[in-house]
Amino acid sequence: MSWLRVIKPGPLSLLQDGGRHGWQHLGVSPAGPLDRQAAAWANRLLDNPWGTPLLEIALGHVELASELDTWLALTGAEVSASLDGRPLPPWSRFAIGAGQRLQLDYAHSGQRAYLAVAGGFQAPAVLGSVSTQTREGLGGLRGGGEPLRAGELLACGVARFDRGLSVPWAYRPDYRATPLLRVITGGDAGRFEEPQLQAFFAQTWQLSPQSDRMGARLLGEALEPPRRQWSLGVTRGAIQVPADGQPIILQTDHQTMGGYPLLGWLHPLDQDRLAQCPPHHKLRFTPVSVTDAQAELRTFYRFFGR
(Lines give C-alpha, C1' and ligand atoms only; values in the text may rest on other atoms or scores of the structure.)
Protein backbone atom coordinates (compact mmCIF):
# COMPACT_ATOMS: atom_id res chain seq x y z
CA MET A 1 0.00 0.00 0.00
CA SER A 2 1.27 3.46 -0.97
CA TRP A 3 -0.13 6.96 -0.90
CA LEU A 4 -1.19 10.18 -2.51
CA ARG A 5 0.12 13.04 -0.39
CA VAL A 6 -2.18 16.03 0.16
CA ILE A 7 -0.40 19.27 -0.72
CA LYS A 8 -3.50 21.49 -0.91
CA PRO A 9 -6.79 20.11 0.51
CA GLY A 10 -9.15 22.69 -1.03
CA PRO A 11 -11.98 24.45 0.84
CA LEU A 12 -13.76 21.21 1.76
CA SER A 13 -12.62 17.78 0.57
CA LEU A 14 -14.35 14.80 2.14
CA LEU A 15 -13.83 11.06 1.90
CA GLN A 16 -17.15 9.44 0.95
CA ASP A 17 -18.43 5.98 0.04
CA GLY A 18 -21.95 4.62 -0.48
CA GLY A 19 -23.13 6.08 2.84
CA ARG A 20 -23.70 5.02 6.44
CA HIS A 21 -26.98 3.11 6.27
CA GLY A 22 -29.02 1.42 8.98
CA TRP A 23 -28.40 3.95 11.76
CA GLN A 24 -31.03 6.64 11.24
CA HIS A 25 -33.19 5.20 14.02
CA LEU A 26 -30.35 6.26 16.35
CA GLY A 27 -30.11 9.76 14.89
CA VAL A 28 -27.16 9.11 12.55
CA SER A 29 -27.54 10.53 9.05
CA PRO A 30 -26.33 8.46 6.06
CA ALA A 31 -23.76 10.94 4.62
CA GLY A 32 -22.25 9.78 1.31
CA PRO A 33 -21.68 11.79 -1.89
CA LEU A 34 -24.06 14.64 -2.66
CA ASP A 35 -23.87 13.91 -6.39
CA ARG A 36 -24.24 10.13 -6.60
CA GLN A 37 -24.27 10.12 -10.39
CA ALA A 38 -20.90 11.85 -10.73
CA ALA A 39 -19.45 9.66 -7.96
CA ALA A 40 -20.80 6.51 -9.61
CA TRP A 41 -19.24 7.50 -12.95
CA ALA A 42 -15.86 8.11 -11.33
CA ASN A 43 -15.88 4.60 -9.86
CA ARG A 44 -17.24 3.03 -13.04
CA LEU A 45 -14.38 4.49 -15.08
CA LEU A 46 -12.00 2.50 -12.86
CA ASP A 47 -14.10 -0.69 -12.66
CA ASN A 48 -14.66 -0.02 -8.94
CA PRO A 49 -17.84 -1.40 -7.34
CA TRP A 50 -20.65 0.94 -6.33
CA GLY A 51 -19.78 2.89 -3.20
CA THR A 52 -16.00 2.45 -3.38
CA PRO A 53 -14.43 5.25 -1.25
CA LEU A 54 -13.50 8.38 -3.19
CA LEU A 55 -13.02 12.11 -2.59
CA GLU A 56 -15.78 14.70 -2.84
CA ILE A 57 -13.99 17.99 -3.59
CA ALA A 58 -16.00 21.17 -3.06
CA LEU A 59 -15.02 23.99 -5.44
CA GLY A 60 -11.60 22.51 -6.36
CA HIS A 61 -8.20 24.10 -5.51
CA VAL A 62 -6.64 20.73 -4.63
CA GLU A 63 -3.11 19.48 -5.20
CA LEU A 64 -1.93 15.91 -4.63
CA ALA A 65 1.54 14.35 -5.00
CA SER A 66 1.71 10.69 -5.93
CA GLU A 67 4.07 8.19 -4.32
CA LEU A 68 2.95 5.27 -6.50
CA ASP A 69 1.89 4.30 -10.01
CA THR A 70 -1.88 4.04 -10.24
CA TRP A 71 -4.97 5.30 -12.08
CA LEU A 72 -7.39 8.06 -11.08
CA ALA A 73 -10.74 9.23 -12.44
CA LEU A 74 -12.19 12.74 -12.17
CA THR A 75 -15.86 13.65 -12.74
CA GLY A 76 -18.41 16.20 -11.53
CA ALA A 77 -17.79 19.96 -11.39
CA GLU A 78 -15.83 21.53 -14.23
CA VAL A 79 -12.37 22.06 -12.76
CA SER A 80 -9.25 22.59 -14.84
CA ALA A 81 -7.11 19.56 -14.00
CA SER A 82 -3.47 19.05 -14.88
CA LEU A 83 -0.81 16.42 -14.25
CA ASP A 84 2.64 18.03 -13.94
CA GLY A 85 1.21 20.98 -15.87
CA ARG A 86 -0.27 18.83 -18.67
CA PRO A 87 -4.04 19.40 -19.06
CA LEU A 88 -6.31 16.42 -18.41
CA PRO A 89 -9.66 15.76 -20.13
CA PRO A 90 -12.77 16.07 -17.94
CA TRP A 91 -14.87 13.09 -16.86
CA SER A 92 -12.08 10.62 -17.61
CA ARG A 93 -9.58 8.21 -16.09
CA PHE A 94 -5.84 8.74 -16.36
CA ALA A 95 -2.57 7.26 -15.13
CA ILE A 96 -0.48 8.95 -12.47
CA GLY A 97 3.09 7.92 -11.65
CA ALA A 98 5.26 8.16 -8.56
CA GLY A 99 6.65 11.69 -8.24
CA GLN A 100 3.91 13.32 -10.33
CA ARG A 101 1.53 16.04 -9.09
CA LEU A 102 -2.17 16.43 -9.80
CA GLN A 103 -3.53 19.97 -9.64
CA LEU A 104 -7.19 21.02 -9.67
CA ASP A 105 -8.12 24.69 -10.10
CA TYR A 106 -11.31 26.29 -8.80
CA ALA A 107 -14.53 25.06 -10.44
CA HIS A 108 -15.83 26.95 -13.49
CA SER A 109 -19.27 25.36 -13.22
CA GLY A 110 -20.76 22.93 -10.74
CA GLN A 111 -19.81 22.75 -7.08
CA ARG A 112 -18.35 19.31 -6.40
CA ALA A 113 -15.79 17.21 -8.22
CA TYR A 114 -15.23 13.52 -7.52
CA LEU A 115 -11.79 11.95 -7.55
CA ALA A 116 -11.61 8.15 -7.47
CA VAL A 117 -8.61 5.83 -7.41
CA ALA A 118 -8.45 2.27 -8.72
CA GLY A 119 -9.44 0.02 -5.83
CA GLY A 120 -10.59 2.95 -3.68
CA PHE A 121 -9.02 5.02 -0.93
CA GLN A 122 -8.36 3.13 2.30
CA ALA A 123 -9.61 4.32 5.70
CA PRO A 124 -11.11 2.72 8.84
CA ALA A 125 -14.89 2.25 8.71
CA VAL A 126 -17.05 3.84 11.42
CA LEU A 127 -20.50 2.23 11.78
CA GLY A 128 -19.84 0.38 8.55
CA SER A 129 -18.78 3.37 6.42
CA VAL A 130 -15.83 5.69 5.82
CA SER A 131 -18.15 8.53 4.73
CA THR A 132 -17.24 11.84 6.36
CA GLN A 133 -19.95 13.53 8.41
CA THR A 134 -18.43 16.63 9.96
CA ARG A 135 -21.43 17.60 12.12
CA GLU A 136 -21.61 14.21 13.83
CA GLY A 137 -17.84 13.64 13.85
CA LEU A 138 -17.89 10.36 11.94
CA GLY A 139 -15.78 8.89 9.16
CA GLY A 140 -12.93 10.30 7.11
CA LEU A 141 -9.27 9.36 7.23
CA ARG A 142 -9.05 9.48 11.03
CA GLY A 143 -12.61 8.40 11.81
CA GLY A 144 -13.57 11.66 13.53
CA GLY A 145 -15.36 13.41 10.67
CA GLU A 146 -12.55 15.82 9.78
CA PRO A 147 -12.11 17.16 6.24
CA LEU A 148 -8.91 16.49 4.34
CA ARG A 149 -5.87 18.38 5.61
CA ALA A 150 -2.54 19.36 4.06
CA GLY A 151 0.14 16.77 4.70
CA GLU A 152 -2.21 13.82 5.07
CA LEU A 153 -1.68 10.58 3.17
CA LEU A 154 -4.41 8.94 1.11
CA ALA A 155 -3.72 5.21 1.15
CA CYS A 156 -4.34 3.39 -2.15
CA GLY A 157 -2.92 0.59 -4.26
CA VAL A 158 -0.99 0.19 -7.50
CA ALA A 159 -3.11 -0.33 -10.62
CA ARG A 160 -2.73 -0.53 -14.40
CA PHE A 161 -5.10 -0.11 -17.34
CA ASP A 162 -4.34 -0.40 -21.05
CA ARG A 163 -5.69 3.03 -21.96
CA GLY A 164 -7.56 6.11 -20.79
CA LEU A 165 -11.36 6.25 -20.86
CA SER A 166 -13.92 9.05 -20.78
CA VAL A 167 -17.64 9.34 -20.05
CA PRO A 168 -19.61 9.97 -23.29
CA TRP A 169 -20.76 13.57 -23.77
CA ALA A 170 -24.43 12.60 -23.63
CA TYR A 171 -24.06 11.58 -19.99
CA ARG A 172 -22.32 14.76 -18.80
CA PRO A 173 -24.72 17.31 -17.24
CA ASP A 174 -24.70 21.00 -18.15
CA TYR A 175 -24.27 22.58 -14.72
CA ARG A 176 -24.77 26.11 -16.10
CA ALA A 177 -28.36 25.47 -17.24
CA THR A 178 -31.41 26.19 -15.08
CA PRO A 179 -32.49 22.70 -13.99
CA LEU A 180 -36.10 21.54 -14.02
CA LEU A 181 -36.21 19.38 -10.91
CA ARG A 182 -38.90 16.73 -10.49
CA VAL A 183 -40.93 16.43 -7.30
CA ILE A 184 -42.98 13.51 -6.00
CA THR A 185 -45.78 15.27 -4.13
CA GLY A 186 -46.82 13.59 -0.90
CA GLY A 187 -46.47 13.80 2.85
CA ASP A 188 -48.50 16.85 3.86
CA ALA A 189 -49.12 18.00 0.27
CA GLY A 190 -52.82 17.25 0.61
CA ARG A 191 -53.05 19.71 3.50
CA PHE A 192 -51.56 22.61 1.53
CA GLU A 193 -54.06 24.96 -0.10
CA GLU A 194 -54.14 24.28 -3.85
CA PRO A 195 -52.94 27.83 -4.73
CA GLN A 196 -49.89 27.23 -2.53
CA LEU A 197 -48.96 24.03 -4.37
CA GLN A 198 -49.44 25.82 -7.69
CA ALA A 199 -47.24 28.68 -6.49
CA PHE A 200 -44.42 26.27 -5.64
CA PHE A 201 -44.37 24.81 -9.15
CA ALA A 202 -45.14 28.06 -11.00
CA GLN A 203 -42.33 30.27 -9.71
CA THR A 204 -38.58 30.28 -10.28
CA TRP A 205 -36.68 29.79 -7.03
CA GLN A 206 -33.10 30.61 -6.13
CA LEU A 207 -30.69 28.51 -4.09
CA SER A 208 -29.81 30.25 -0.84
CA PRO A 209 -26.13 30.79 0.12
CA GLN A 210 -27.09 29.26 3.48
CA SER A 211 -27.37 25.82 1.85
CA ASP A 212 -25.01 23.03 2.88
CA ARG A 213 -24.70 19.24 2.96
CA MET A 214 -27.57 19.11 5.46
CA GLY A 215 -30.16 21.05 3.46
CA ALA A 216 -30.64 23.11 0.28
CA ARG A 217 -32.59 26.25 1.19
CA LEU A 218 -34.74 27.97 -1.42
CA LEU A 219 -35.45 31.69 -1.82
CA GLY A 220 -38.64 32.92 -3.47
CA GLU A 221 -42.18 34.10 -2.84
CA ALA A 222 -43.05 32.59 0.52
CA LEU A 223 -45.56 29.74 0.73
CA GLU A 224 -48.17 29.36 3.47
CA PRO A 225 -47.67 25.89 4.97
CA PRO A 226 -50.28 24.03 7.02
CA ARG A 227 -49.63 23.40 10.71
CA ARG A 228 -48.24 20.16 12.01
CA GLN A 229 -48.22 19.09 15.64
CA TRP A 230 -45.73 16.22 15.64
CA SER A 231 -42.36 15.21 14.23
CA LEU A 232 -41.74 12.37 11.81
CA GLY A 233 -38.73 10.54 10.40
CA VAL A 234 -37.32 12.25 7.30
CA THR A 235 -35.13 11.17 4.40
CA ARG A 236 -32.93 12.76 1.79
CA GLY A 237 -34.91 14.73 -0.76
CA ALA A 238 -37.75 15.61 1.63
CA ILE A 239 -39.07 19.12 0.93
CA GLN A 240 -39.83 20.83 4.23
CA VAL A 241 -41.74 24.11 4.39
CA PRO A 242 -41.07 25.96 7.67
CA ALA A 243 -43.12 28.85 9.01
CA ASP A 244 -41.23 31.45 6.93
CA GLY A 245 -42.51 29.74 3.76
CA GLN A 246 -39.05 29.21 2.23
CA PRO A 247 -38.69 25.47 1.42
CA ILE A 248 -35.73 23.35 2.52
CA ILE A 249 -34.72 20.27 0.53
CA LEU A 250 -32.91 17.82 2.78
CA GLN A 251 -29.46 16.70 1.64
CA THR A 252 -27.39 13.66 2.49
CA ASP A 253 -26.27 14.94 5.94
CA HIS A 254 -29.89 15.62 6.93
CA GLN A 255 -31.30 15.25 10.43
CA THR A 256 -33.31 12.07 10.98
CA MET A 257 -36.48 13.68 12.47
CA GLY A 258 -38.38 16.76 11.34
CA GLY A 259 -41.48 18.64 12.37
CA TYR A 260 -42.02 20.97 9.40
CA PRO A 261 -44.79 20.12 6.91
CA LEU A 262 -43.61 18.10 3.90
CA LEU A 263 -44.63 19.12 0.40
CA GLY A 264 -43.08 16.01 -1.13
CA TRP A 265 -39.72 14.57 -2.15
CA LEU A 266 -37.25 15.55 -4.83
CA HIS A 267 -36.67 12.84 -7.44
CA PRO A 268 -33.56 10.89 -6.25
CA LEU A 269 -31.71 11.47 -9.52
CA ASP A 270 -32.45 15.21 -9.42
CA GLN A 271 -30.96 15.44 -5.92
CA ASP A 272 -27.62 14.90 -7.67
CA ARG A 273 -28.23 17.80 -10.07
CA LEU A 274 -29.22 20.07 -7.18
CA ALA A 275 -25.92 19.26 -5.46
CA GLN A 276 -24.03 20.99 -8.30
CA CYS A 277 -25.94 24.30 -8.16
CA PRO A 278 -24.08 27.36 -6.82
CA PRO A 279 -25.66 29.99 -4.53
CA HIS A 280 -28.37 32.09 -6.22
CA HIS A 281 -28.69 29.55 -9.07
CA LYS A 282 -32.22 29.52 -10.50
CA LEU A 283 -34.34 26.40 -9.94
CA ARG A 284 -37.65 25.25 -11.41
CA PHE A 285 -39.80 22.33 -10.27
CA THR A 286 -42.31 20.02 -11.93
CA PRO A 287 -44.38 17.09 -10.62
CA VAL A 288 -43.43 13.48 -11.34
CA SER A 289 -45.20 10.25 -10.39
CA VAL A 290 -43.64 7.87 -7.88
CA THR A 291 -43.97 5.09 -10.48
CA ASP A 292 -41.88 6.97 -13.04
CA ALA A 293 -39.29 7.92 -10.41
CA GLN A 294 -38.95 4.33 -9.24
CA ALA A 295 -38.54 3.04 -12.80
CA GLU A 296 -35.78 5.56 -13.57
CA LEU A 297 -34.01 4.82 -10.30
CA ARG A 298 -34.06 1.06 -10.99
CA THR A 299 -32.52 1.68 -14.41
CA PHE A 300 -29.84 3.87 -12.83
CA TYR A 301 -28.94 1.27 -10.20
CA ARG A 302 -28.83 -1.54 -12.76
CA PHE A 303 -26.49 0.47 -14.98
CA PHE A 304 -24.05 1.12 -12.12
CA GLY A 305 -24.30 -2.40 -10.69
CA ARG A 306 -25.84 -1.60 -7.35
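Please refer to the structure higher up on the page.
The notes below deal with the structure included here. (Residues numbered from 1 in each chain as written. Predicted model: local features only at pLDDT ≥ 70, side-chain atom pairs only at ≥ 80, totals over all residues. Heavy atoms only, no water.)

**Here we look at the pattern of salt bridges**
Where charged atoms from two side chains of opposite charge approach closely, those side chains can pair.
Point 1. Summed over all chains, the structure comprises 13 salt bridges.
Point 2. E56 is paired through a salt bridge with R112; the nearest N and O atoms lie 4.0 Å apart. A residue pair is termed long-range when its members are at least 10 positions apart, and E56 in strand β3 (residues 54–58) and R112 in strand β8 (residues 101–117) qualify at 56 residues.
Point 3. Given a relative accessible area of 3%, E56 falls into the buried group.
Point 4. The class for R112 is buried, based on a relative accessible area of 16%.
Point 5. Where R142 meets E152, a salt bridge forms, and the shortest distance between an N and an O atom there is 1.6 Å. One end of the pair, R142, is in the loop between β8 and β9 (153–156); the other, E152, is in the loop between β8 and β9, with 10 residues separating them in the sequence.
Point 6. When its relative accessible area of 13% is taken as the criterion, E152 is described as buried.
Point 7. When salt bridges that share partners are traced, they join E56, R112, R213 and D253 into one network. (Salt bridge = Lys/Arg side-chain N within 4 Å of Asp/Glu carboxyl O. Helix = DSSP H or I, 4+ residues; strand = E, 2+ residues; numbered from the N terminus. Buried < 20%, exposed > 50% of the residue type's maximum accessible area, 1.4 Å probe, protein only.)

**Brief notes about the packing of aromatic side chains**
Point 1. Counting across every chain of the model gives 13 aromatic pairs.
Point 2. With a centroid separation of 5.9 Å and 45 degrees between ring planes, the pair formed by F200 and W205 is classed as tilted. As far as the burial class goes, F200 and W205 line up, both buried.
Point 3. Through successive ring pairs, a cluster of aromatic residues spans W41, W50, Y171, F300, Y301, F303 and F304.
Point 4. The lysine or arginine in question, R44, covers the ring of F303, its NZ or CZ lying 4.0 Å from the ring centre.
Point 5. Across from the ring centre of W71, 5.7 Å away, lies the NZ or CZ of R93, which sits over that ring. (Phe/Tyr/Trp six-rings, centres within 6.5 Å; stacked < 30°, edge-to-face > 60°. Lys NZ or Arg CZ within 6 Å of the ring centre and 35° of its normal.)

**Here we look at the side chain of H254**
Point 1. Tracing the backbone through its elements, the reader meets H254 in the loop between β16 (248–250) and β17 (257–258).
Point 2. Overall, H254 belongs to the buried group, its relative accessible area being 1%.
Point 3. Polar contacts involving the side chain of H254 include one to the main-chain amide nitrogen of R236, which spans 3.3 Å.
Point 4. Ignoring sequence-local partners within four residues, the contact set of H254 consists of Q24, S29, P30, R135, R213, M214, V234, T235 and R236. (Polar contact = N/O pair within 3.5 Å; in protein donor to acceptor, adjacent residues only side chain to side chain. Contact = heavy atoms within 4.5 Å.)

**Side note on the environment of T185**
Point 1. Within the secondary structure, T185 is located in strand β11 (residues 180–185).
Point 2. Through-space distance from the C-alpha of T185 to that of A98 is 52 Å; in sequence the pair is 87 residues apart.
Point 3. Apart from residues no more than four positions distant in its own chain, T185 is found in contact with F201, L263 and G264.

**Quick word on the packing of helix α1 (residues 36–45) against helix α4 (residues 290–303)**
Point 1. Taken N-terminus to C-terminus, the directions of α1 and α4 make an angle of 25 degrees; their axes are 11 Å apart at the nearest point. Our classification of the angle between α1 and α4 gives roughly parallel. In this structure, the crossing between α1 and α4 has a hand that is left-handed. Residues R36, Q37, W41 and R44 of α1 lie in contact with α4, whose contacting residues are F300, Y301 and F303.
Point 2. Taken together, the residues of the contact of α1 with α4 sort by class into four nonpolar, one polar and two charged. (Axes fitted to C-alpha atoms, helices over the stretch in contact; angles between N-to-C directions. Parallel < 35°, antiparallel > 145°, perpendicular 65-115°, else oblique. Left-handed = near helix turned anticlockwise from the far one by under 90°. Nonpolar A, V, L, I, M, F, W, Y, C, P; charged D, E, K, R; others polar.)

**What to know about unusual backbone geometry**
Point 1. Phi is positive for A31, close to 55 degrees, though the residue is something other than glycine.
Point 2. Note that A31 resides in the loop between β2 (12–16) and α1.
Point 3. One non-glycine residue, L127, lies in positive phi territory at about 55 degrees.
Point 4. Checked against the element boundaries, L127 lands in the loop between β8 and β9.

**Side note on the environment of G119**
Point 1. With respect to the helices, strands and loops of the structure, G119 is situated in the loop between β8 and β9.
Point 2. The sequence separation of G119 and N43 amounts to 76 residues, and the corresponding C-alpha distance is 8.9 Å.
Point 3. Excluding anything up to four places from it in sequence, G119 contacts N48 and T52.

**Thoughts on the pairing of β11**
Point 1. The sheet contact formed by β11 and strand β19 (residues 282–287) spans four bridges and is parallel. Residue pairing for β19: R182 is matched across the bridge by T286.
Point 2. Note that β11 and strand β18 (residues 262–266) share three bridges and pair antiparallel. The residue of β18 that forms the bridge with I184 is W265. (Pairing = 2+ DSSP bridges.)

**Here we look at the pairing of β2**
Point 1. Taken across its five residues, β2 has four buried, putting it largely inside the fold.
Point 2. In this structure, β2 lies alongside β3, joined through five bridges in antiparallel fashion. Its bridge partner being in β3, Q16 is matched across the sheet by L54.

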